[in-house]
Amino acid sequence: MTASPTSDRTSALSRFVSARAGSARPSPFWLLAIAALAALLIFLRLGGGGPFAAAEGVTLDLRFQVRGALPAPREIVILAIDDRSIANLRRFPPPRAALAVMVNRLHEAGAKVIAFDLLLADVEQPSDGLRLSPGDQALVEAAQRAGTVVMAAAGMFRVAGQPLPEAIDAAARAAIPAERIIGERAIVTKQLPDAPDFLSPFAALSTVSSLGHVNVPVAIGGALRHLPLLMRVNGHLVPGFPLVVAQR
């Protein structure tokens, strides 16, 4: 049995349509290229202003989707305070004594850096205001012994009154000399977030730790996409938390 010319043409047309339909789905390369081109055109049109920032954020999300997930670095370990941890400790934040035990064990295990993405601004209660609680004292001693602890701090943008001297002192200790970063290009610092006040760990812990800010601006749509590597706090250039960790 032989096929007719009409059936041959129909079969060829079907294969052509199927091939075109299969190639209609853009590859990750083209998705990335289109996103990059769109971002460039918007930048040239708007000069990098507000709408550009929103468009760049959307294309950033797309770029991460195209790239896909990456395996976690083997040299980094995250000790998460999850629901199970809170249930076992029966409180949040964890007792300072438990944090001290963790610092000691990580130090003994050879951890190069021990970083707390946790704001410990207030002393642990009960406290008479003159002496640290046993847990706070143990944490301070553990951080001092390790010598590699990085604590989270935060710039404060809505402040009533003048900042406390202790806050400015903490920002000054955390600051990076401007000439190490930008030389004489002072215009760069004017583009950084500028906070009048600083929320740092309680004084005894702050003085034995390195500090990095954890301020993450909320983008249009409520997304959290980036942390500024530097911010100004009362005239000081304070590095971001991940930058301080990487420096150690």
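Model, not experiment: these values are computed from the prediction. (Residues numbered from 1 in each chain as written. Predicted model: local features only at pLDDT ≥ 70, side-chain atom pairs only at ≥ 80, totals over all residues. Heavy atoms only, no water.)

1. Considering the environment of Phe92
In step 1: The topology assignment puts Phe92 in the loop between helix H4 (83-89) and helix H5 (96-108).
In step 2: Taking the C-alpha atoms as reference points, Phe92 and Ile81, 11 residues apart in sequence, are found 8.8 Å from one another.
In step 3: If we ignore the near neighbours within four places in the chain, the residues touching Phe92 are Ile81, Ile86 and Leu118. (Helix = DSSP H or I, 4+ residues; strand = E, 2+ residues; numbered from the N terminus. Contact = heavy atoms within 4.5 Å.)

2. Topic: unusual backbone geometry
Across the chain, the bulk of peptide bonds are trans and the bulk of non-glycine residues have phi less than zero.
In step 1: That bond from Phe92 to Pro93 is cis: its omega, 0°, falls within 30 degrees of zero.
In step 2: Residue position: Pro93 is located in the loop between H4 and H5.
In step 3: Although it is not a glycine, Asn234 adopts a positive phi angle of roughly 50°.
In step 4: Structurally, Asn234 can be placed in the loop between strand S6 (230-233) and strand S7 (236-239).

3. Things to note about the nonpolar core
In step 1: Val103, Val149, Phe198 and Leu205 are the most contacted members of the largest nonpolar core, which totals 27 residues.
In step 2: It is helix H6 (residues 134-146) that provides the largest number of residues to this core, a total of five residues.
In step 3: When sequence neighbours within four positions are dropped, the list of residues in contact with Val103 reads Ile114, Phe116, Leu139, Ala142, Ala143, Ala146 and Val149. (Core = buried A, V, L, I, M, F, W, Y, C linked by side-chain atoms within 4.5 Å. Buried < 20%, exposed > 50% of the residue type's maximum accessible area, 1.4 Å probe, protein only.)

4. A closer look at the confidence of the model for the chain
In step 1: Of all residues in the chain, 73% have pLDDT values of 70 or greater, and the mean over the chain is 79.
In step 2: When pLDDT is averaged over each element of the chain, strand S1 (residues 114-116) comes out on top at 97 and helix H1 (residues 5-23) at the bottom at 45.
In step 3: With pLDDT under 50 throughout, residues 1-23 is counted as low confidence; its partners more than four residues away or in other chains account for one contact.
In step 4: Confidence drops under a pLDDT of 50 for residues 44-49, and excluding neighbours within four residues, the segment shows four contacts in the predicted structure. (pLDDT = per-residue confidence, 0-100.)

5. Some details on the pairing of S6
In step 1: For strand S3 (residues 194-195) and S6, the ladder comprises two bridges, and the chain directions are parallel. From the neighbouring strand, Asp194 faces S6, where its bridge partner is Arg232.
In step 2: By the bridge criterion, four bridges tie S6 to S7 in an arrangement that is antiparallel. By the bridge assignment, Arg232 is partnered in S7 with Leu237.
In step 3: Where S6 folds back on S7, the antiparallel hairpin that results is connected by two residues, among which Asn234 adopts a positive phi of roughly 50°. (Pairing = 2+ DSSP bridges.)

6. Description of the pattern of salt bridges
Oppositely charged side chains can pair when the atoms bearing their charge come close.
In step 1: By the definition in use, this model includes four salt bridges.
In step 2: The salt bridge involving Arg91 is made with Glu124; its shortest N-O contact spans 3.4 Å. Linking Arg91 in the loop between H4 and H5 with Glu124 in the loop between S1 and H6, this pair joins segments that are 33 residues apart in sequence. (Salt bridge = Lys/Arg side-chain N within 4 Å of Asp/Glu carboxyl O.)

7. What about the side chain of Ser200?
In step 1: Along the chain, Ser200 turns up in the loop between strand S4 (197-199) and helix H9 (203-206).
In step 2: Here Ser200 falls in the buried class, since its relative accessible area comes to 12%.
In step 3: In this structure, Ser200 is in contact with Leu120, Ala121, Ala153, Ala170, Ser206 and Leu211, ignoring residues within four places of it in sequence.

8. Quick word on the sheet that holds S3
In step 1: On the basis of which strands lie adjacent, the open sheet formed by three strands has the order S3-S6-S7 and mixed pairing. Looking at which strands have only one partner, the edges of the open sheet turn out to be S3 and S7.
In step 2: In the packing of helix H7 (residues 165-174) onto the sheet, contacts are made with S6 and S7, and the angle to S7 comes to roughly 65°. (Axes fitted to C-alpha atoms, helices over the stretch in contact; angles between N-to-C directions.)

9. Observations concerning the environment of Phe64
In step 1: With respect to the helices, strands and loops of the structure, Phe64 is situated in helix H3 (residues 50-67).
In step 2: Expressed as a C-alpha distance, the spacing of Phe64 and Leu32, which sit 32 residues apart in the sequence, is 9.6 Å.

10. Let's talk about the side chain of Arg96
In step 1: Along the chain, the position of Arg96 falls in helix H5.
In step 2: What Arg96 contacts, discounting residues up to four positions off in sequence, is Leu120, Asp122, Val123, Glu124, Gly135, Asp136, Leu139 and Phe202.

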